[in-house]
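Spelled out from the first residue to the last, the chains are:
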There are 2 protein chains.
Amino acid sequence: MPKVTQEHLDARRQEILDGARRAFAEHGYEGATVAKLEEATGLSRGAIFHYFENKNDLFVELAMEMNTRFGDILLERGLDEAFRALAAENPEWLAVLIETESRMRHDEDFVRRLESKAADASPRIQEWFEQQQAEGKLRDDVSWLELGRFTTSLLNGLALRVAGGDPFDVEAMLQLLDSAIAAPPKPQKVRRPRPVAKSKK
Amino acid sequence: MPKVTQEHLDARRQEILDGARRAFAEHGYEGATVAKLEEATGLSRGAIFHYFENKNDLFVELAMEMNTRFGDILLERGLDEAFRALAAENPEWLAVLIETESRMRHDEDFVRRLESKAADASPRIQEWFEQQQAEGKLRDDVSWLELGRFTTSLLNGLALRVAGGDPFDVEAMLQLLDSAIAAPPKPQKVRRPRPVAKSKK
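Residues numbered from 1 in each chain as written. Chains lettered and ligands numbered in written order. Predicted model: local features only at pLDDT ≥ 70, side-chain atom pairs only at ≥ 80, totals over all residues. Heavy atoms only, no water.

1. A closer look at the overall build of chain A
Move 1: Looking only at helices and strands, chain A has nine helices and zero strands in total.
Move 2: Listing each helix as α and each strand as β along chain A from the N terminus yields α-α-α-α-α-α-α-α-α.
Move 3: Radius of gyration (C-alpha) of chain A: 22 Å, far over the 17 Å computed for a compact globule of 201 residues.
Move 4: The principal-axis extent of the C-alpha atoms belonging to chain A is close to 85 × 35 × 30 Å.
Move 5: For chain A, the proportion of its 201 residues judged to be buried stands at 43%.
Move 6: A separation of at least 24 residues holds for 66% of the contacts in chain A among residues at least 6 apart in sequence.
Move 7: Total accessible area computed for chain A in this model is approximately 11,300 Å², and 49% of it derives from carbon and sulfur atoms.
Move 8: Seen as two clouds, the 29 positive and the 35 negative side-chain charges of chain A have centres 9 Å apart. (Helix = DSSP H or I, 4+ residues; strand = E, 2+ residues; numbered from the N terminus. Rg over C-alpha atoms; globule rule 2.2 N^0.38 Å. Buried < 20%, exposed > 50% of the residue type's maximum accessible area, 1.4 Å probe, protein only. Contact = heavy atoms within 4.5 Å. Areas by Shrake-Rupley, 256 points an atom, 1.4 Å probe, with all protein chains shown as cover. Lys, Arg positive; Asp, Glu negative; His and termini not counted. Charge placed at Lys NZ, Arg CZ, Asp CG, Glu CD.)

2. Quick notes on the side chain of S153 of chain B
Move 1: Its location among the elements puts S153 of chain B in helix 8 (residues 144–163).
Move 2: A relative accessible area of 1% means that S153 of chain B is categorised as buried.
Move 3: Not counting residues within four places of it along the chain, the set of residues in contact with S153 of chain B comprises S153, L154, G157, L158 and R161 of chain A.

3. What to know about the confidence of the model for chain A
Move 1: Scored by pLDDT, chain A comes out at a mean of 88, with 91% of its residues at no less than 70.
Move 2: The ipTM for the predicted assembly is 0.83, set against a pTM of 0.84. (pLDDT = per-residue confidence, 0-100.)

4. Some thoughts on helix 8 of chain B
Move 1: End to end, helix 8 of chain B covers 28 Å across 20 residues, agreeing with the expected 28 Å (1.5 Å per residue, within 8%).
Move 2: Positive backbone phi, approximately 80°, marks G165 of chain B, located one or two places after helix 8 of chain B. (Expected span 1.5 Å × (residues − 1).)

5. Here's the deal with helix 7 (residues 108–134) of chain A
Residues and elements named next belong to chain A.
Move 1: With 27 residues, helix 7 should reach 39 Å at 1.5 Å per residue; the first-to-last C-alpha distance of 38 Å fits that figure.
Move 2: S122 marks the point of greatest bend in helix 7, at about 35°, and the proline P123 comes within the next four residues.
Move 3: Turning to helix 7, the residues buried within the fold contact helix 4 (55–77), helix 5 (79–87), helix 6 (91–103) and helix 8 (144–163). (Bend = angle between axes of the 7 residues up to and from the residue.)

6. A closer look at the environment of E61 of chain B
Residue and element names in this part refer to chain B.
Move 1: Relative to the assigned elements, E61 resides in helix 4 (residues 55–77).
Move 2: In this structure E61 comes out as buried when scored by relative accessible area, which is 17%.
Move 3: Sequence separation between E61 and D166 is 105 residues; the distance between their C-alpha atoms is 26 Å.
Move 4: The residues contacting E61, other than those within four sequence positions of it, are R13, L17 and F52.

7. A closer look at the packing of aromatic side chains
Move 1: Scanning the entire structure with this criterion turns up 13 aromatic pairs over all chains.
Move 2: Ring centres 6.2 Å apart and planes at 45° place the aromatic pair F150 of chain A and F150 of chain B in the tilted group. With F150 of chain A in helix 8 and F150 of chain B in helix 8, this pair bridges two chains.
Move 3: By relative accessible area, which is 0% here, F150 of chain B ends up buried.
Move 4: Seen in terms of ring centroids, W128 of chain B and F129 of chain B are 5.0 Å apart; in terms of plane orientation they differ by 85°. Their pairing is edge-to-face. Here the two residues W128 of chain B and F129 of chain B agree in accessibility, since each one is buried.
Move 5: Aromatic rings pair up to connect F24, Y29, F59 and W93 of chain A into one cluster.
Move 6: Over the ring of F70 of chain A we find R69 of chain A; its NZ or CZ atom is 5.4 Å from the centre of that ring.
Move 7: Taking the ring centre of Y29 of chain B as reference, the NZ or CZ of K55 of chain B above it sits at 4.7 Å. (Phe/Tyr/Trp six-rings, centres within 6.5 Å; stacked < 30°, edge-to-face > 60°. Lys NZ or Arg CZ within 6 Å of the ring centre and 35° of its normal.)

8. Quick look at the environment of V96 of chain B
All names here are of chain B.
Move 1: Structurally, V96 is set in helix 6 (residues 91–103).
Move 2: On a C-alpha basis, the gap between V96 and I73 in space is 22 Å, while along the polypeptide they are 23 residues apart.
Move 3: With residues up to four places along the chain from it excluded, the contact list for V96 reads F24, A25, G28, Y29, F59 and E101.

9. Section: the nonpolar core
For soluble globular proteins, the rule of thumb is that nonpolar side chains tend to be buried together.
Move 1: Counting residues in each nonpolar core, the largest one holds 121 residues, and the members touching the most others are F150 of chain A together with F150 of chain B.
Move 2: Once you skip the residues sitting within four places of it in the chain, F150 of chain A turns out to touch L177, A180 and I181 of chain A together with F150, L154, M173, L176 and L177 of chain B. (Core = buried A, V, L, I, M, F, W, Y, C linked by side-chain atoms within 4.5 Å.)

10. Details of the pattern of salt bridges
Residue and element names in this part refer to chain A.
Move 1: Summed over the entire model, instances satisfying the criterion amount to 30 salt bridges over all chains.
Move 2: Measuring nitrogen to oxygen at the nearest pair gives 3.2 Å for the salt bridge that ties D18 to R21. In this pair, D18 and R21 both sit in helix 1 (residues 6–31), three residues apart, roughly one turn of the helix.
Move 3: With a closest N to O distance of 2.7 Å, R84 and E171 form a salt bridge. (Salt bridge = Lys/Arg side-chain N within 4 Å of Asp/Glu carboxyl O.)

11. Section: the packing of helix 7 (residues 108–134) of chain B against helix 8 of chain B
Residue and element names in this part refer to chain B.
Move 1: In the contact formed by helix 7 and helix 8, the axes pass within 9 Å of each other and the chain directions differ by 110°. Classified by the interaxial angle, the pair formed by helix 7 and helix 8 is roughly perpendicular. Every pair of crossing elements has a handedness; the one defined by helix 7 and helix 8 is right-handed. Within the contact between the two elements, helix 7 uses I125, Q126, F129, E130 and Q133 and helix 8 uses W144, L147, G148 and T151.
Move 2: In terms of residue class, the contact of helix 7 with helix 8 is built from four nonpolar, four polar and one charged. (Axes fitted to C-alpha atoms, helices over the stretch in contact; angles between N-to-C directions. Parallel < 35°, antiparallel > 145°, perpendicular 65-115°, else oblique. Left-handed = near helix turned anticlockwise from the far one by under 90°. Nonpolar A, V, L, I, M, F, W, Y, C, P; charged D, E, K, R; others polar.)

12. Things to note about the packing of helix 1 of chain A against helix 6 of chain A
Residues and elements named next belong to chain A.
Move 1: Axis separation between helix 1 and helix 6 bottoms out at 8 Å; the angle between their running directions is 50°. Between helix 1 and helix 6, the angle falls in the class oblique. The chirality of how helix 1 crosses helix 6 is left-handed. In contact with R21, F24, A25, G28, Y29 and E30 of helix 1, helix 6 contributes E92, W93, V96, T100 and R103.
Move 2: Within the contact of helix 1 with helix 6, the residues separate by chemical class into five nonpolar, two polar and four charged.

Below, the structure written as structure tokens:
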């Protein structure tokens, strides 16, 4: 009997998640029947449900993956790349995700699992923001928490837009976001200062 | 027979909408049965469905009302007040609205009706942004469209937050939004001008 390595198990698990994501995106949560999940993953239901208890469990896993994804990109490649990744997301998948996530907000187990993942990431994200403030890259007249809330709310609002089939110009959004949260330019950057002509009320 | 004025009809219609909004907020879209709608409005189903064809119709009307509401506040009382109104919204109602709206995105009639309302408001909102740019209140190095998209996305992202039961500090968000979209401060505001050291390209 061939030895099944952890690596192999992980790869198979990821394969199922990727297939399931495609199936949910194409057919919606309800429409992604077990038969459709088999088709999209190329695996039998037996194989699929060896890794995940049921369809709901699969979906929760995908939702958690998405919730940590942008945080991971932020930590590894910075804020701009997180927004660029969102702009490149599959609109159908985002739409199913937002719709199903908000429906599942009544499901205490789902909420608890999502929140525990979010709590895992949160100290590292706090650290990232505070580090950027300490390095003079982000403004520090506002707490990291408010900077993070502003940024996340913008990201979520743009996700709603993408999900609605309405793409956005990510570079324009990044330019505006930068003005909102970046540290103000250093005084020496001021060009051609002129004598003050009149006092301004 | 008493004369029924248009004013009376409008008031009654609004009464139904307000009651229905409370019922949807409390019980969710599915949970807001006709009996619950009767209870919340204090009116019989006959009276309710004299004004609205069915429950879906009632909901669509409420969704359209919300979609134009923040635009109306923007036009009448400015951007800050629109964000303050959102912060004061009923989280339960926002949650039902977002969930049901995203579910109805597959309903072509619903989408068409929402979009026609949005199209009605859009020229006035464009005019508002362009006027603010002309008056030097909003930056004009970015088109009004991008300023509008940024602002709307932030508002929608904050709505998701409120709907998730997570309120936000509206004044902190407004401070950051202002840095993003306001016109940069005038040069004469710069204090202590110093001699220019090198020539600028």
